[in-house]
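An overview of the molecular structure
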Amino acid sequence: MGKRIVVDPITRIEGHLRIEADIENGKIKDAYSSGTMVRLIEEILKGRDPRDAWAYVGRVCGVCTSTHSLTSVRTVEDALDITIPANAELVRNIMHCTLYMHDHVVHFYHLHAMDWVDVVNALKADPKKTSELAQSLSHWPKSSPGYFSDIQARIGKFVASGQLGIFSNGYWGHPAYKLPPEVNLIGLAHYLEALEWQKEIVKIHAIFGGKNPHPNYLVGGMACSIGLDDVSGINAERLAMVDRLLTEGKQFIEQVYIPDLMAIASFYKDWGAIGGGLGNYLVYGDLPTKGIRDTASFKFPSGAILGKDISKVYDVDLKKDDEVQEFIKHSWYEYSGGDDKGLHPWKGESKINYTGPKPPFEHLDVKTNIHTLKHQGGMAMPWK
Amino acid sequence: MSKHHHSQEKWFEQPTYYDEIRFKGYSRRDFMKFASMMAAFIGLETSAIGQVAKAMETKPRLPVIWLHFQECTCCSESFIRSSHPIVADILLDKISLDYSETLMAASGTQAEAALKNTLEKYKGQYILCIEGSVPVGADGVYCMIGGKTSMQILEEVSEHAAAVIAWGSCASNGCVQSAKPNPTKATPIHKLVKGKPVIKVPGCPPIGEVMAGVIVHYLTFGTIPELDRLGRPKAFYSKRVHDTCYRRPFYDAGLFVESFDDENAKKGYCLYKVGCKGPTTYNACGVMKWNEGTSYPIQSGHPCIGCSEENYWDNGRLYERASSFAGFGIESDADTLGKYALGATGVALAGHAILTNLNKRKDINTLTAEGEAGDVDVIE
Ligand code: SF4
Ligand code: SF4
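Notes on the structure in this doc start here. (Residues numbered from 1 in each chain as written. Chains lettered and ligands numbered in written order. Predicted model: local features only at pLDDT ≥ 70, side-chain atom pairs only at ≥ 80, totals over all residues. Heavy atoms only, no water.)

A few points about the overall build of chain A
To keep things clear, this is the line we draw: A run of H or I in DSSP becomes a helix once it reaches four residues, and a run of E becomes a strand once it reaches two; helices and strands are each numbered from the N terminus. Radius of gyration means the value over C-alpha atoms here, while the globule rule gives 2.2 Å times the residue count to the 0.38 power. Positive charges are assigned to Lys and Arg, negative charges to Asp and Glu, while His and the chain termini are left out of the count. Think of each charge as sitting on NZ of Lys, CZ of Arg, CG of Asp or CD of Glu.
The helix and strand inventory of chain A stands at 10 helices and seven strands. Rg of the C-alpha trace for chain A: 23 Å, near the compact-globule value of 21 Å for 384 residues, within the 12% margin. Averaged over its 42 positive side-chain charges, chain A has a centre that lies 3 Å from the centre of its 47 negative ones.

Pasting the structure below:
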């Protein structure tokens, strides 16, 4: 075995994650990941009013805020055989699409971009060339040489101050960064624009759910009343605002996010071969148009892909015991019937059993097993 | 109120907000507009606008360390939703966010080195922001970063902090993970950090502009804002949601939503009977609202769940009216208002709608017999 490196904390994610990697001849030979925080919300939920569960469950994550709450109200409605009104389904779908748009942009710019965009190198860009490049990629209006030189000057001053804030100790100048200075400058400018953009689109959650992060849901429908002429509730003015926010959100995605994604990816084509997990993918599907029980009505269909073979999509029945199971062999949990078995989530158990090293520690014991504390990330979820 | 002075020489050389704002092409007038807005947000009299403006003209960027323990990152997310000031300006011009697991470029060793650097270089000067609770159960193994427990990290980083801000309900009161049976023994920050001011900014999450306001206050005056006796900034937490609620006339008139799909819900009546915790919740939702004033839970038809109050997860069911839950009034003891609330709600509630306010009901003359305050709970 070569050298073991530890990366903990992994930043720009939600939660606490640790990676240990074995390096041999300058290459990663093996890597281990471990979630190192747990709250046991599953245990806390026991015995509660099922109508309240969405609020507890929603607090699993405030970045992909609203998804866990949505799943929770659907679960309760499924158990109690409740069909929600058509408007509630539409409102939930709009809210879910809002998150979908918000989350992709925030992940790309604020969580991932600094792995590809060299902020300090952007200072070397020629604003005129940057402007030409930006205009060749998209019609987004903020693309003049003056705009880019202003950003450059602002960041230049920031860097010169010596207080680098969130950019402190970044990997600036590392050869793994492959973008030319002009693309770095576009990426940086759009990082800042996206920071402003993201607070706008989520106003849709505030309109329907009262706030974001953590908008409110309701078992049986949604709490916001709808009537075009109503004084209170979701009226024509509110719906016009939703329409405007969605239109502007879409413009940014089409004219900034997607062109940037394509431009940056073109410099990192070899990264396409990295990762991808085991090549088996499972999607539950979403955006129902005739209720959650009619999976054929989903705008995002469900299915499974095996061995990266996208020519065939297999049907999935989430309710079948042998189709979806949770395994805890690599988690700090124990099952009453033995840790080797898998359990359907409906029969799930959440008994924690930490067997890792006593803190403070240098390394995990990866020889026996690599373990993780976090349920949702840590549990293996095989299909069939 | 505790005051905490600190020396500023070390970051004297840096450009000030005013430099930055002028540099960005804003005029002095724009700058003054911004300063007055900020003064209003942090609850100051107009006479203090000059002070805010002056502070922003002369103060360099404040070093901030932001730790994450047991949390869901909704506080960081809420912070980046702030519109006044917008977060890009906070990050680039006002603070130096030297450690933040959500936003910082560096990971692992490099992230830890950045933290260490600020601890040494700005000893006694940095603000420590904490998002999340500390699990003290099982020797702290339920939250570890870099192989250390969150407790150990908290001790190391809080020791030389100028002040500690406990963001959100997790850090202020333990939030959802401390609900029964609190399996990880999640503990809020003020119970663990001794001998220095801990500013509690509860809420799940707190409103973005409230978070920005607390920081701007510190930047402006070099002291922490005035706190109530529970340690919350008075500017944002001295009023109950109920006292600033635009549906309050309906409450006073005894006009209630009985069920989320009834006519009264469409008319925007009071949500008390479907579980609104506004009468026992201290927060700025009704005044500042959420997401740049777009709405707030009650405006969108959902009752306040009391997310900024201690123990709110165990304080009765969400959709059950407040009079029936244990401890009603006890937690609403922020200074004097709470005692009043206890009397008003605990004693007079049953008769409140029917007898006391029939006169008020007449004032709302288009709304007559609907929403008659019965004693039947909507949810049994
Ligand atoms: S009970 Fe709730 S909805 Fe009714 S007035 Fe008070 S805060 Fe507003
Ligand atoms: S209205 Fe109540 S539950 Fe909602 S955010 Fe404000 S304090 Fe929290």
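A closer look at the sheet that holds strand β7 (residues 163–167) of chain B
All names here are of chain B. The line we're drawing: Here, a strand pair is defined by DSSP locating no fewer than two bridges between the strands. In this description, a line fitted to the C-alpha atoms serves as the axis of each element, helices being fitted only across the stretch in contact, and the angle between N-to-C directions of two axes falls anywhere from 0 to 180 degrees.
Read from one edge of the open sheet, five strands run β2-β1-β3-β7-β9, paired in parallel fashion. The sheet is open, and its two borders are formed by β2 (95–100) and β9 (198–201), each paired with just one other strand. The sheet shows a mean angle of 25° between the axes of neighbouring strands, direction not considered. Examined bridge by bridge, strand β1 (residues 62–68) and strand β3 (residues 127–131) share five bridges and lie parallel to one another. Considered in β3, the bridge of Leu67 is made with Ile130.

What to know about the pattern of salt bridges
Selection criterion: Salt bridges are identified by distance alone: a Lys or Arg side-chain nitrogen within 4 Å of an Asp or Glu carboxyl oxygen. Buried residues are those whose accessible area, probed at 1.4 Å on protein chains only, stays under 20% of the maximum for their type, while exposed residues exceed 50% and partly exposed ones sit between those limits.
The final tally for this structure, using the stated rule, is 39 salt bridges over all chains. For Asp139 of chain B, the salt bridge identified is with Lys358 of chain A, shortest N-O distance 3.3 Å. Within this pair, whereas Asp139 of chain B is found in the loop between β4 (134–135) and β5 (144–145), its partner Lys358 of chain A is found in the loop between β7 (351–352) and α10 (375–378), the two belonging to separate chains. For Glu320 of chain B, the salt bridge goes to Arg317 of chain B, with nearest N and O atoms at 4.0 Å. Take Arg317 of chain B: its relative accessible area is 40%, and that puts it in the partly exposed class. Because the salt bridges share partners, they merge into one network encompassing Arg4, Asp8, Arg18, Glu20 and Asp22 of chain A.

Points about the site of ligand 2
Defined as follows: Think of it this way: one heavy atom of a residue within 4 Å of a molecule or strand is enough to make that residue near it. Residues are grouped as follows: nonpolar covers Ala, Val, Leu, Ile, Met, Phe, Trp, Tyr, Cys and Pro; charged covers Asp, Glu, Lys and Arg; every other residue, Gly included, is treated as polar.
Around ligand 2, the structure places Lys211 of chain A together with Thr281, Asn283, Cys285, Trp290, Pro297, Cys304, Ile305, Gly306, Cys307 and Ser308 of chain B. Near ligand 2, the surrounding residues are drawn from chains A and B. Residues of the shell around ligand 2, tallied by class, amount to six nonpolar, four polar and one charged.

Concerning the side chain of Glu89 of chain A
Residues and elements named next belong to chain A. The condition is simple: Contacts are assigned to residue pairs with any non-hydrogen atoms lying within 4.5 Å of each other.
Position of Glu89 relative to the elements: it lies in helix α4 (residues 86–112). Lacking a salt bridge, the buried Glu89 has Arg74 as its closest oppositely charged neighbour, with an N-O distance of 7.1 Å. Apart from residues lying up to four places away in sequence, Glu89 is in contact with Ile84, Pro288, Thr289, Lys290, Gly291 and Ile292.

Brief notes about the packing of helix α6 (residues 145–160) of chain A against helix α5 (residues 87–94) of chain B
For any two helices packed against each other, one specifies the crossing angle of their axes together with the interaxial distance. Using the following cut-off: For classification purposes, an angle smaller than 35 degrees is called roughly parallel, one larger than 145 roughly antiparallel, one from 65 to 115 roughly perpendicular, and anything else oblique.
Running from amino to carboxyl end, α6 of chain A crosses α5 of chain B at an angle of 45°, the nearest separation of the two axes being 10 Å. Classified by the interaxial angle, the pair formed by α6 of chain A and α5 of chain B is oblique. Contacts from Arg154, Ile155 and Phe158 of chain A of α6 of chain A reach α5 of chain B at Ala88, Asp89, Leu91, Leu92 and Asp93 of chain B. By residue class, the composition of the contact of α6 of chain A with α5 of chain B is five nonpolar, no polar and three charged.

Observations regarding the sheet that holds strand β2 (residues 17–24) of chain A
Residue and element names in this part refer to chain A. Reading across from one edge, β1-β2-β3 is the order of the three strands in this open sheet, with antiparallel pairing throughout. Only two strands of the sheet have a single partner each, and these edge strands are β1 (3–7) and β3 (27–35). For this sheet, the mean angle separating the axes of adjacent strands, direction not counted, is 20°. When β1 meets β2, the two strands line up antiparallel, connected through five bridges. The residue of β2 that forms the bridge with Ile5 is Ala21.

Some thoughts on the packing of aromatic side chains
Each aromatic ring pair is described using two quantities: the centre-to-centre distance and the angle formed by the ring planes. Under the convention used in this document: To pair, rings of Phe, Tyr and Trp, with the six-membered ring standing in for Trp, must have centres within 6.5 Å; the planes then decide the type, stacked if under 30 degrees apart, edge-to-face if over 60, and tilted in the middle.
Per the counting criterion, the structure on display carries 25 aromatic pairs over all chains. Residues Tyr100 of chain A and Phe300 of chain A carry aromatic rings whose centres are separated by 5.2 Å and whose planes lie at 55° to one another, so their mutual orientation is tilted. One end of the pair, Tyr100 of chain A, is in helix α4; the other, Phe300 of chain A, is in the loop between β4 (281–283) and β5 (303–305), with 200 residues separating them in the sequence. Given the relative accessible area of 42%, Tyr100 of chain A is considered partly exposed. Look at Phe300 of chain A and you get partly exposed, because its relative accessible area is 33%. Relative to Tyr319 of chain B, the ring of Phe260 of chain B lies with its centre 5.8 Å away and its plane at 90°, an arrangement referred to as edge-to-face. Pair noted here: Phe260 of chain B is in the loop between α11 (248–252) and α12 (263–266) and Tyr319 of chain B is in the loop between α13 (285–288) and α14 (337–356), with a separation of 59 residues, a long-range link. Taken individually, Phe260 of chain B and Tyr319 of chain B each receive the classification buried, so the pair is uniform in this respect.

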